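Observations on the model geometry
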Amino acid sequence: MTTPQGTTPHREITSGLKFPEGPIAMEDGSVILVEIARETLTRVMPDGKQHVIAKLGGGPNGAAVGPKGKISRTLRTGSNDRVANMRAFAAEALKLLDEQLT
């Protein structure tokens, strides 16, 4: 692959995501992100496989891991943006992640 001087070569890992935002790099090499158009929290594995962790609804447009490992998302609701701390959602999402890792 030829790249301009000073840049790093890249490769496509997956395709077909529906407007991905808020990527979170995980220790296992996967990436967790929200898909705005699909309204999901999705995990992309290093081999490109996609796993929907949760259906979020409401136009999610960002995600982050908090200090206790809980996943929060930013929710766009019309002209007002609000951050929804998803405690119950995060517990379920982390349970699903644990199941996928074992």
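Figured I'd write up the structure that's included with this text.

Criteria and cut-off values
- Residues numbered from 1 in each chain as written.
- Predicted model: local features only at pLDDT ≥ 70, side-chain atom pairs only at ≥ 80, totals over all residues.
- Heavy atoms only, no water.
- Core = buried A, V, L, I, M, F, W, Y, C linked by side-chain atoms within 4.5 Å.
- Buried < 20%, exposed > 50% of the residue type's maximum accessible area, 1.4 Å probe, protein only.
- Helix = DSSP H or I, 4+ residues; strand = E, 2+ residues; numbered from the N terminus.
- Polar contact = N/O pair within 3.5 Å; in protein donor to acceptor, adjacent residues only side chain to side chain.
- Pairing = 2+ DSSP bridges.
- Salt bridge = Lys/Arg side-chain N within 4 Å of Asp/Glu carboxyl O.
- Contact = heavy atoms within 4.5 Å.

**Examining the nonpolar core**
Core analysis: the largest hydrophobic core is formed by nine residues, namely Ile24, Ile32, Val34, Leu41, Ile53, Ala54, Leu56, Ala63 and Ile71. If you list the elements that add at least two residues to this core, you get strand E2 (31–35) and strand E4 (50–55).

**A few points about the side chain of Arg43**
Tracing the backbone shows Arg43 in strand E3 (residues 40–44). For Arg43, a relative accessible area of 2% gives the class buried. Separated by 3.2 Å, the side chains of Arg43 and Ser30 make a polar contact.

**Remarks on the pairing of E4**
As defined by bridge partners, E3 adjoins E4 across five bridges and the pair is classed as antiparallel. Its bridge partner being in E4, Thr40 is matched across the sheet by Lys55. Between the antiparallel neighbours E3 and E4 lie five residues, among them Gly48 with a positive phi of about 95°.

**Overview of the pattern of salt bridges**
Applying the stated rule across the entire model yields three salt bridges. With a closest N to O distance of 2.7 Å, Glu35 and Arg38 form a salt bridge. Judged by its relative accessible area of 0%, Glu35 is buried. Classification of Arg38 by relative accessible area gives partly exposed; the value is 33%. A salt bridge links Asp47 to Lys49, with the nearest nitrogen and oxygen atoms 4.0 Å apart. Here the two residues Asp47 and Lys49 agree in accessibility, since each one is exposed.

**As for the side chain of Thr40**
Examined against the element boundaries, Thr40 turns out to sit in strand E3. Engagement of the side chain of Thr40 in a polar contact is seen with the side chain of Thr42, the distance being 2.9 Å. Thr40 has contacts with Leu33, Val34, Glu35, Val52, Ala54, Lys55, Leu56 and Pro60, leaving out every residue within four places of it along the chain.

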